[in-house]
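Architecture and fold: a report
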Amino acid sequence: QVQLVESGGGLVQPGGSLRLSCAASGFTFSNYAMYWYRQAPGKGRELVASITGPGGGTNYADSVKGRFTISKDNAKKMVYLQMNSLKPEDTAVYYCNARLRVAVTATLYNYWGQGTQVTVSS
């Protein structure tokens, strides 16, 4: 059974830090690209950061570059999002996503966690 379970959200003051974690199970974690998305109230889901499966290359939304860092531990099947210098506009539900496209079978494997709330407020 595939599972992605996020943790680490909470209430933090502007300028503070949080570290989100996502525990994966039920699939070959090291082959998958991992993503963090967020969705603020009344807005669409936004891609925040990504990290590739085998190579570990990373990409970030312009709004979080220099403040957020995505990383993963293949042995522990964990992906993390270190969030520093948090701003009120970072307030959202943050979701972990795992994705693998198998070209030979044209199959997309796409899994989501349940989300964790991050609130940045004084």
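In case you missed it, the structure is sitting above this.
Here's a quick rundown of the structure. The structure displayed is predicted, hence computed values, not measured ones. (Residues numbered from 1 in each chain as written. Predicted model: local features only at pLDDT ≥ 70, side-chain atom pairs only at ≥ 80, totals over all residues. Heavy atoms only, no water.)

Turning next to the environment of Arg 101. Within the secondary structure, Arg 101 is located in strand β9 (residues 92-102). Take Arg 101: its relative accessible area is 61%, and that puts it in the exposed class. Counting along the chain gives 70 residues from Arg 101 to Asn 31, while the straight-line C-alpha distance between them is 9.9 Å. Beyond its immediate chain neighbours, meaning those up to four positions away, Arg 101 contacts Thr 107 and Leu 108. (Helix = DSSP H or I, 4+ residues; strand = E, 2+ residues; numbered from the N terminus. Buried < 20%, exposed > 50% of the residue type's maximum accessible area, 1.4 Å probe, protein only. Contact = heavy atoms within 4.5 Å.)

Taken as a whole, this structure holds four salt bridges when the rule is applied. Note that Arg 38 and Glu 46 form a salt bridge whose closest N and O atoms lie 2.8 Å from each other. Assessed through its relative accessible area of 6%, Arg 38 is described here as buried. Given a relative accessible area of 29%, Glu 46 falls into the partly exposed group. For Asp 62, the salt bridge is made with Lys 65, and the minimal N-O distance between the two is 3.2 Å. In this structure Asp 62 comes out as exposed when scored by relative accessible area, which is 65%. Look at the salt bridges and you will find they share partners, linking Arg 38, Glu 46, Arg 67 and Asp 90 into a network. (Salt bridge = Lys/Arg side-chain N within 4 Å of Asp/Glu carboxyl O.)

Further remarks concern the nonpolar core. Membership of the largest hydrophobic core comes to 29 residues, with the highest contact counts inside it found for Met 34, Trp 36, Val 79, Leu 81, Met 83 and Tyr 94. Breaking this core down by element, the ones donating at least two residues are β3 (18-25), β4 (33-39), β5 (45-51), β7 (68-73), β8 (78-83), β9 and β11 (116-120). If sequence neighbours within four positions are ignored, Leu 81 has contacts with Leu 18, Arg 19, Leu 20, Trp 36, Val 48, Ala 49, Phe 68, Thr 69, Ile 70 and Tyr 94. (Core = buried A, V, L, I, M, F, W, Y, C linked by side-chain atoms within 4.5 Å.)

For the coordinates displayed, the defined rule picks out six aromatic pairs. Summarising the aromatic geometry, the rings of Phe 27 and Phe 29 are spaced 6.4 Å apart at their centres and angled 45° between planes, so their arrangement reads as tilted. One exposure class covers both Phe 27 and Phe 29, and it is buried. Both rings, one in Phe 27 and one in Tyr 111, keep their centres 5.4 Å apart while their planes meet at 40°; by these two values the pair is tilted. Of the two residues, Phe 27 sits in the loop between β3 and β4 while Tyr 111 sits in strand β10 (residues 107-112), which places them 84 residues apart along the sequence. Residue class for Phe 27 comes out buried when judged on its relative accessible area of 9%. Counting every residue linked through ring pairs, the aromatic cluster contains Phe 27, Phe 29, Tyr 32 and Tyr 111. The aromatic ring of Trp 112 is capped on one face by Arg 45, whose charged end is 4.7 Å from the ring centroid. (Phe/Tyr/Trp six-rings, centres within 6.5 Å; stacked < 30°, edge-to-face > 60°. Lys NZ or Arg CZ within 6 Å of the ring centre and 35° of its normal.)

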